[in-house]
Amino acid sequence: MHLNYLANIGRYIPEVILVLLMVGLIILEATYKEDEKNRKYIFIATLVGLVATLGALIANMSGKAEAIFSNSIIIDQFSTLIKMVMVLGTLAAIYLSRFSKDIYESLKTEFAIMAVGILIGGFLLASANNMLTFYLGIETLSILSYVMAALKKNDQRSSEAGLKYALYGGISAGLMLFGMSHIFGVLGTIQFAGVAKMIPTLTSAQLAILMPSFVLLFAGIGYKIASVPFHMWSPDVYEGSPTPVTTFFAIVPKLAGIAALIRITAVFFVVDSPMKIGWIGLLIVISALTMTVGNVTAIGQKSVKRMLAYSSISHAGIMLAGIVVINDVGIRSVVFYGITYLFMTLVAFYITSIVQDKYGNDHFDRFSGLIYRYPFMAVMMAVVMFSLTGLPPLAGFVAKYNIISSLINSKNYALAIVLGLNSVVSAYYYLKIVRLMTLKPQESNEEIEGFGFLNQMVIVSMTVPVFVLGIFWETIMNLAAGAKLFIQ
Amino acid sequence: MSSIYYYLAGFLFTLGLLGTIFKKDLISILLCLELMMGGVSLLIILFSRSTGLLDAQLLVFFMIIVSACEVAIGLSLIIALHRKKQTIYTDDIKIITE
């Protein structure tokens, strides 16, 4: 039998570009001397490569959805849209790494290489259609993340963060594989569609084995999106790693994990079955816990980065709440939430990173009186904080509103109430920064070099979508609604 | 006959899992992770043999490669930390706190 392995390569161009880019960057890096300061060609190459990937993804968006490579990878509108969001996040993180002092000058290329590598893993995970590609996606994401977290090799905290990440990651991958092996053992297939076909017709003995197996399968994804009870690594890693790395971690692995979870839920649990009730129940409990634990713990934090880490945990909980509603409306609202989350998180981390570069730490007090020195930046930070809380007319409000309305439509009232209450709790720590920036006297009059004209422009251009998505959200909503899952 | 292997795989996995939780030095934790992976690999091969399907055996090949990468990275991170702290015991290296 002869198989034409390259028959579907046309739909796989974005990933191919990324692989070539990663290899190209490694070769390009070798042409520089070790102490060379300004490696601008690497930056340009990364930029060009990522923009080309974005273009290829846009071209893919209009093609028809299909399963490629012996049904192991699915290229559909949903995965393509999530991939576009991930590419934008990577672009922003790489730009941040260019001027951040948190990454050593000689390691900036490495950051770009690993960011592209993690992006490849994220792409694989977002369009995985069997357990093999799913596992490979998670591991490609993870293995490079471990190194990336430990990028500040002279800093003990960074090494510790990387090691913690690696150990937690190894354990959760082991648990996930244990679950997968039982799913394979009982159902005899590793294709998602094959599993989905068997799920409604399970006997009670099979259910008794498969229920725990699916919980273990969730452990693997839950760890990547940092949901409770697998969130323990997240604040430590976010605090210990350099800020551009934290920015990257808050976006790409999280969105890739959410995408995989959406696909699993939408493929496996279409027809009503005892399994479906169990899985949705699990998601509801975990979503409520994730939101609450993230928000309540964020209140007591002194470091802004750690606060943002807990806040990103709670946002993962909100996205999980959208996944509970597995219909078109629920998926659409989660995709929209992902898009707004990208912009809000980026601005918050950019400003935090620049302030931290100046003062060497990121305590809340460093923000006091920022409005008297950099009124524009303080206003942008305040806008993002209001949006993260979910105040109208900003994007965060629309995103939360959509998830709550889809929850109420599907009669999940309890979860909707928990989500509403959590927004109130989150207002406390988000607005604390706004209060410090506006009402406290400034600590010093020093100039912050990071807030140059160009960087201010970049930050403003990333805040504009937060406004625009809050008011003219129909266009993006239609785009998100077009992000249909293709199940085969 | 195959149930013996099932128990062996379960035993290896449990041993590894308990080791990762209770062991205090990093090298042992890494070894226990490998033990977990070994248990799961055995389990998958066992299921693959009993069902007669080969696609899951492919998964085992990938698992072996990936877990080798994981251990390599884990070891290099331990070395990076050891250079700073001269210790590999988990109790001594907790720096990031609340």
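None of these values were measured; they are calculated from a predicted model.

Another point: the overall build of chain A. A count of helical and extended segments in chain A gives 19 helices and two strands. Taken over the C-alpha trace, chain A has a radius of gyration of 22 Å; the compact-globule value for 488 residues is 23 Å, and the two agree within 12%. Taken across its 488 residues, chain A has 65% of its residues classed as buried. The long-range fraction of contacts in chain A, counting pairs at least 24 apart against all pairs at least 6 apart in sequence, stands at 79%. Total accessible area on chain A stands at roughly 16,900 Å², and carbon and sulfur atoms take up 68% of it. Across chain A, the centroid of the 32 positively charged side chains sits 5 Å from that of the 25 negatively charged ones.

We now examine the confidence of the model for chain A. For chain A, per-residue confidence averages 88 on the pLDDT scale, and residues scoring 70 or more make up 99% of the total. The secondary structure element of chain A with the lowest average pLDDT is helix H19 (residues 473-481) of chain A, at 80, and the one with the highest is helix H4 (residues 108-126) of chain A, at 93.

Moving on, we come to the interface of chain B and chain A. Contact residues are listed per partner, giving 40 residues for chain B and 40 residues for chain A. Summing both sides of the interface, chain B and chain A together bury roughly 3,500 Å²; the carbon and sulfur share of this comes to 78%. Put simply, chain B and chain A have zero salt bridges between them. At the junction of chain B with chain A, the criterion picks out one residue pair in polar contact (both at pLDDT 80 or more). Looking at the side of chain B that touches chain A, the elements with two or more residues in it are helix H1 (2-22), helix H2 (26-51) and helix H3 (55-85) of chain B. When residues of the side of chain B that touches chain A are assigned to their parent elements, the largest contribution, 17 residues, is made by H3(B). Among the residues forming the side of chain B that touches chain A, the class breakdown is 29 nonpolar, five polar and six charged.

For H3(B), built from 31 residues, the straight-helix expectation of 45 Å at 1.5 Å per residue is met to within 8% by its first-to-last C-alpha distance of 45 Å. Of the residues one or two after H3(B), B:Gln86 is the one with positive phi, at around 55 degrees.

Our focus in this paragraph is empty space enclosed by the protein. Residues and elements named next belong to chain A. Throughout the structure, instances matching the rule amount to five cavities of 30 Å³ or more. Roughly 130 Å³ of internal volume is contained in the largest cavity. Around the largest cavity sit Lys-37, Arg-39, Ile-42, Phe-43, Thr-46, Ile-94, Ser-97, Arg-98, Glu-105, Lys-108, Thr-109 and Ala-112, which together line it. Secondary-structure elements contributing two or more residues to the lining of the largest cavity are helix H2 (40-62), helix H3 (77-99) and H4. Among the residues making up the lining of the largest cavity, the classes are represented as four nonpolar, three polar and five charged. Considered as a void within the structure, the second largest cavity measures approximately 60 Å³ in volume. In this structure, the second largest cavity is lined by Phe-78, Ile-82, Val-85, Leu-255, Ile-258, Ile-262, Met-319, Val-334, Val-335, Gly-338 and Ile-339. Broken down by secondary-structure element, the contributors of at least two residues to the lining of the second largest cavity are H3, helix H10 (243-268) and helix H13 (328-359). Counting residues per element, the lining of the second largest cavity draws most heavily on H13, at four residues. Looking at the lining of the second largest cavity residue by residue, the class counts come to 10 nonpolar, one polar and no charged.

Glancing now at the layout of surface pockets. As a volume, the largest pocket reaches approximately 940 Å³. Taken together, 32 residues make up the lining of the largest pocket; nearest its centre are A:Lys164, A:Tyr168, A:Met232, A:Trp233 and A:Asp236. Of all the secondary-structure elements, those providing two or more residues to the lining of the largest pocket are helix H6 (156-187), helix H9 (233-240) and helix H12 (304-324) of chain A together with H1 and H2 of chain B. By residue number, the principal contributor to the lining of the largest pocket is H6(A), which donates eight residues. Taken together, the residues that form the lining of the largest pocket break down as 17 nonpolar, six polar and nine charged.

What follows concerns the pattern of salt bridges. Taken as a whole and assessed by the stated rule, the structure comprises 12 salt bridges over all chains. When salt bridges that share partners are traced, they join A:Arg157, A:Glu160, A:Lys164, A:Asp236, A:Glu239 and A:Arg306 into one network.

This paragraph deals with unusual backbone geometry. All names here are of chain A. That bond from Val-228 to Pro-229 is cis: its omega, 0 degrees, falls within 30 degrees of zero. Residue placement: Pro-229 occurs in the loop between helix H8 (204-224) and H9. Along the chain, Pro-392 connects to Pro-393 via a cis peptide bond; the corresponding omega equals 5 degrees. Along the chain, the position of Pro-393 falls in the loop between helix H15 (375-389) and helix H16 (395-409). Notably, Ala-226 is not glycine yet its phi reads approximately 55 degrees, a positive angle. Along the chain, Ala-226 falls in the loop between H8 and H9.

Rules and cut-offs
- Residues numbered from 1 in each chain as written.
- Chains lettered and ligands numbered in written order.
- Predicted model: local features only at pLDDT ≥ 70, side-chain atom pairs only at ≥ 80, totals over all residues.
- Heavy atoms only, no water.
- Helix = DSSP H or I, 4+ residues; strand = E, 2+ residues; numbered from the N terminus.
- Rg over C-alpha atoms; globule rule 2.2 N^0.38 Å.
- Buried < 20%, exposed > 50% of the residue type's maximum accessible area, 1.4 Å probe, protein only.
- Contact = heavy atoms within 4.5 Å.
- Areas by Shrake-Rupley, 256 points an atom, 1.4 Å probe, with all protein chains shown as cover.
- Lys, Arg positive; Asp, Glu negative; His and termini not counted.
- Charge placed at Lys NZ, Arg CZ, Asp CG, Glu CD.
- pLDDT = per-residue confidence, 0-100.
- Buried area = accessible area lost by both parts, 1.4 Å probe.
- Salt bridge = Lys/Arg side-chain N within 4 Å of Asp/Glu carboxyl O.
- Polar contact = N/O pair within 3.5 Å; in protein donor to acceptor, adjacent residues only side chain to side chain.
- Nonpolar A, V, L, I, M, F, W, Y, C, P; charged D, E, K, R; others polar.
- Expected span 1.5 Å × (residues − 1).
- 1 Å grid on protein atoms, 1.4 Å probe; cavity = no way out; pocket = protein on both sides within 12 Å on 5 of 7 lines; lining within 4 Å.
- Points joined across faces, edges and corners; volume = space filled by probe spheres on them.

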